[in-house]
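# Geometric and topological summary
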Amino acid sequence: MSSDAPAPSTREALLQSTAQHLGAEALTTVEESSISEPVSTDTAPFPLSPVCITQESVPRNLKSDPAAIMVGLEFEIPRWEPGSVVKWTAWQRGYDSPADATHAAAHLKQAAEAWNKADVGVNFEFVPLAKDANFVLTHGGDKGRVLASSYFPNRKGLNFVYVYSLAFRPDFRNGLWRIFTHELGHVLGLRHEFAMDPNPERFEGNAVQIGEANSLSVMNYREELPELQRSDIDATQQFYRLPVGP
Ligand SMILES: [Zn+2]
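Residues numbered from 1 in each chain as written. Predicted model: local features only at pLDDT ≥ 70, side-chain atom pairs only at ≥ 80, totals over all residues. Heavy atoms only, no water.

### Observations regarding the overall build of the protein chain
Rule in force here: The helix and strand labels rest on DSSP assignments: H or I over at least four residues marks a helix, E over at least two residues marks a strand, and numbering proceeds from the N terminus. Classification of residues uses two cut-offs on accessible area relative to the type maximum, computed with a 1.4 Å probe and protein chains only: under 20% is buried, over 50% is exposed, and between them is partly exposed. Any two residues whose heavy atoms approach within 4.5 Å are treated as being in contact. Working definition of accessibility: Shrake-Rupley area with a 1.4 Å probe, residue cover restricted to the visible protein chains.
Across its full length, the protein chain holds 5 helices and 6 strands. Seen in sequence order, the protein chain has helices and strands lined up from the N terminus as α-β-β-α-β-β-β-β-α-α-α. By the burial criterion, 49% of the 246 residues in the protein chain qualify as buried. Long-range pairs, those at least 24 residues apart, make up 77% of the contacts in the protein chain between residues at least 6 apart in sequence. For the protein chain, the exposed area adds up to about 12200 Å²; of that, 52% sits on carbon and sulfur atoms.

### As for the environment of Arg 178
Definition in use: Definition of a polar contact: a pair of N or O atoms within 3.5 Å, with one able to donate and the other able to accept a hydrogen when the atoms are protein atoms, and with sequence-neighbouring residues admitted only if both atoms are side-chain atoms.
Within the element layout of this structure, Arg 178 appears in helix α4 (residues 176-187). In this structure, the C-alpha to C-alpha distance between Arg 178 and Leu 225, residues 47 residues apart in sequence, is 6.2 Å. Sequence-distant contacts of Arg 178, defined by excluding residues within four places in its chain, comprise Leu 225, Pro 226 and Glu 227. Within the structure, the side chain of Arg 178 is placed 3.3 Å from the backbone oxygen of Leu 225, a separation counted as a polar contact.

### Overview of the nonpolar core
Across soluble globular proteins, nonpolar side chains have a tendency to be buried as a group. Stated formally: Among buried residues, those of type Ala, Val, Leu, Ile, Met, Phe, Trp, Tyr and Cys that are joined through side-chain atoms within 4.5 Å constitute a nonpolar core.
Core analysis: the largest hydrophobic core is formed by 46 residues, its most contacted members being Phe 124, Phe 135 and Leu 137. Elements represented by at least two residues in this core include exactly β2 (85-90), α2 (98-118), β3 (123-126), β4 (135-139), β6 (159-163), α4 and α5 (230-241). For this core, the leading source of residues is α2, giving 9 residues. Excluding residues within four positions of it along the chain, Leu 137 makes contact with Thr 89, Ala 90, Trp 91, Tyr 95, Ala 104, Ala 105, Leu 108, Val 161, Val 163 and Phe 180.

### A word on the pattern of salt bridges
As a reminder of what qualifies: Each reported salt bridge corresponds to a side-chain nitrogen of Lys or Arg within 4 Å of a carboxyl oxygen of Asp or Glu.
In total, this model carries 6 salt bridges according to the counting rule given. Between Arg 169 and Asp 171 there is a salt bridge, with the nearest N and O atoms lying 2.9 Å from each other. Under the relative-accessibility criterion, Arg 169 is labelled partly exposed at 37%. In this structure, Glu 227 and Arg 178 form a salt bridge, with 3.6 Å as the shortest nitrogen-oxygen distance.

As structure tokens, then:
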């Protein structure tokens, strides 16, 4: 290697090491052309309130060697710099079928477009390769009642939005994009609507409320699919207009 070649970023190093261990096919991404059509929004009645978690899973396509992907930088920041573009891609391996991978990616794209339309100060953009992405959509395996999970803004080399087996059941399948609007809310830095609920079963702590509480918030758990509310958009716009703290 020539001495003036730039050192690989953390993300590139992780991906190179993963490709060496598992083969480059493990990192195959979904074709952008396969997710260009709007998704069907017909949904069946929702059988239970959506559940998401923020703890780490391991992408199913990388299961044989999780150690390769679980390192990274750990400087947590609560939000993206206003005006940021958060780039994402979607891996194809790890799903029960290629159709499931495309389905999940198309639904995430729809959710990303809903947030982009809301113009909160941060945009989401699909990129073809994980080396250029801030996060990858991937299958996290079976997590029981959990449908999906995501992450908060941070400086890690690579993050994941996970979708779990339950989300592909017929009664959730077509509503997946609305579940992803909730997950992308976390990616933008939003906590659960009930984070400071005095009920110890719901209390998460360390959250600050911006704007009025709204039980219909996309960040609440309800007996229906999450839906982006005007109040979510207003509060997130306000969040990204706050001056940069010390
Ligand atoms: Zn959540």
